[in-house]
Amino acid sequence: MAYEESSGDKKLRLQTELGVKHQRLAQKYAEASRPEQAVEAFEKALEYLPDSAAIYHNYAVLLAQYREFERARTLLQRALAIEPGSKPTQEALRMVEESLSQRP
């Protein structure tokens, strides 16, 4: 509610804080093998921080672990559009594309 009612710098700070909190929550759900909740938290994090390459990367890694390679590839491509020089994201994308190419 505070986020919705704020403006300017305060709104930006709250937006960042909420995005980071949702990303942390997503990571905790992922570590607890609760992928459905992790996906929801990652989606919420991206609502607040749509330009976060780290969130896209981490979300894609989760999806890849559950063999959702097409969705993972899309998210990794978005991460690279934001941060083109990211070696970890480039490597993750390579691995996802390799997994896709090995599918029947």
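See the structure printed just above.
Analysis parameters
- Residues numbered from 1 in each chain as written.
- Predicted model: local features only at pLDDT ≥ 70, side-chain atom pairs only at ≥ 80, totals over all residues.
- Heavy atoms only, no water.
- Axes fitted to C-alpha atoms, helices over the stretch in contact; angles between N-to-C directions.
- Helix = DSSP H or I, 4+ residues; strand = E, 2+ residues; numbered from the N terminus.
- Parallel < 35°, antiparallel > 145°, perpendicular 65-115°, else oblique.
- Left-handed = near helix turned anticlockwise from the far one by under 90°.
- Contact = heavy atoms within 4.5 Å.
- Buried < 20%, exposed > 50% of the residue type's maximum accessible area, 1.4 Å probe, protein only.
- Salt bridge = Lys/Arg side-chain N within 4 Å of Asp/Glu carboxyl O.
- Nonpolar A, V, L, I, M, F, W, Y, C, P; charged D, E, K, R; others polar.

Quick word on the packing of helix 3 (residues 35–48) against helix 4 (residues 53–65)
Phase 1: Running from N to C, helix 3 and helix 4 point in directions that differ by 160°, and their axes come no closer than 10 Å. With respect to their mutual orientation, helix 3 and helix 4 come out roughly antiparallel. Helix 3 and helix 4 meet at a crossing whose hand is left-handed. Each of P35, A38, V39, F42, E43, A45 and L46 in helix 3 lies in contact with helix 4, whose residues at this interface are I55, Y56, N58, Y59, L62 and L63.

Structural notes on unusual backbone geometry
As a rule of thumb, non-glycine residues mostly have phi less than zero, and peptide bonds are mostly trans rather than cis.
Phase 1: With phi around 55°, S33 is a residue other than glycine that occupies positive phi space.
Phase 2: Of note, the phi angle at R67 is positive, near 60°, even though the residue is not glycine.
Phase 3: Tracing the sequence through the fold places R67 in the loop between helix 4 and helix 5 (69–82).
Phase 4: For R67, a relative accessible area of 54% puts it in the exposed group.

Looking at the pattern of salt bridges
Phase 1: Taken as a whole and assessed by the stated rule, the structure comprises six salt bridges.
Phase 2: The closest approach of N and O atoms between E91 and R94, which form a salt bridge, is 2.5 Å. Of this pair, E91 and R94 both sit in helix 6 (residues 87–101), three residues apart, which is roughly one turn of that helix.
Phase 3: R94 is paired through a salt bridge with E98; the nearest N and O atoms lie 2.9 Å apart. Separated by four residues within a single helix, R94 and E98 lie in helix 6, roughly one turn from each other.
Phase 4: You can call E98 partly exposed: its relative accessible area is 39%.
Phase 5: Salt bridges sharing partners connect three or more residues here, namely E91, R94 and E98.

Examining the packing of helix 4 against helix 5
Phase 1: Contact geometry of helix 4 with helix 5 gives a least axis separation of 8 Å together with a crossing angle of 160°. Taken together, helix 4 and helix 5 sit at an angle that is classed as roughly antiparallel. The crossing of helix 4 and helix 5 is left-handed. Seen from helix 4, the contacting residues are A53, Y56, H57, Y59, A60, L63 and A64; seen from helix 5, they are F69, R71, A72, L75, L76, R78, A79 and I82.
Phase 2: Looking at the contact of helix 4 with helix 5 residue by residue, the class counts come to 12 nonpolar, one polar and two charged.

Coordinates in, geometry out; function isn't part of it.
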